[in-house]
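These are the residues of each chain, in order.
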Amino acid sequence: MTAQRRVVAEVLDGEHVHLTADEVHARAVAKLPEISRATVYNTLGELVSLGEVLEVATDKRAKRYDPNAHRPHHHLVCARCGSIRDVHPTGNPLADLPDSERFGFTVSDVEVTYRGLCPNCAGS
């Protein structure tokens with residue numbers, strides 16, 4: 001693993017991490033000043049292709065990158081500031097879709113996004 005890839009992976013490490021590519025780049029530069037924006041974008045693309053990172057798009061905001069790619073989860077998104085949290089509700093949303101609503105599709109995956117106001121935005 002190159003130094004650049006290692007730095008991008010370190011920046012993405014942790015729970016509830018959902019950074020934009022620009023945020024990843026800014027944090028990576030703090031650790032490795034010579035890392036280019038193109039290298040960060042290319043590395044993120046490679047990590048998404050490898051299934052190591054999820055690309056999360058919410059509304060018209062910038063894509064975010066989620067390192068929690070190996071544990072099934074959904075997202076809770078603040079409608080005002082855009083902060084994202086991983087959530088792990090019980091149940092199986094895929095099983096909750098009745099056959100009559102599948103319209104002949106063979107459904108293989110489901111993405112659920114909960115929206116609301118985070119504590120900071122709800123209090124302001």
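Residues numbered from 1 in each chain as written. Predicted model: local features only at pLDDT ≥ 70, side-chain atom pairs only at ≥ 80, totals over all residues. Heavy atoms only, no water.

Named according to an unreviewed UniProt entry, the chain is Fur family transcriptional regulator originating from Streptomyces virens. Word for word, the UniProt comment on the chain under Sequence similarities (unreviewed entry) is "Belongs to the Fur family." (UniProt positions renumbered as here; feature names shortened; annotations may be inferred.)

Here the focus is the sheet that holds strand β2 (residues 54-56). A sheet is described by the order of its strands in space; here 3 strands give the open sequence β1-β3-β2, paired in antiparallel fashion. Pairing within the sheet leaves two strands with one partner each, and these edge strands are β1 (19-20) and β2. In this sheet, strand β3 (residues 64-66) lies alongside β1 in antiparallel orientation, the contact comprising 2 bridges. Note that in β3 the partner of leucine 19 across the bridge is tyrosine 65. (Pairing = 2+ DSSP bridges. Helix = DSSP H or I, 4+ residues; strand = E, 2+ residues; numbered from the N terminus.)

This part takes up the environment of histidine 75. The topology assignment puts histidine 75 in strand β4 (residues 74-78). We classify histidine 75 as buried; its relative accessible area is 10%. C-alpha of histidine 75 to C-alpha of arginine 85: the two residues are 10 residues apart in sequence and 5.7 Å apart in space. (Buried < 20%, exposed > 50% of the residue type's maximum accessible area, 1.4 Å probe, protein only.)

Another aspect to go through is the nonpolar core. If you look at the biggest cluster of nonpolar residues, it comprises 16 residues, and the most contacted ones within it are Val8, Leu12, Val24, Val40 and Leu44. Of the residues forming this core, the biggest block, 4 residues, is contributed by helix α1 (residues 3-12). In this view, valine 8 contacts Val24, Ile35, Val40, Thr43, Leu44 and Leu47; residues no more than four positions away in its chain are not counted. (Core = buried A, V, L, I, M, F, W, Y, C linked by side-chain atoms within 4.5 Å. Contact = heavy atoms within 4.5 Å.)

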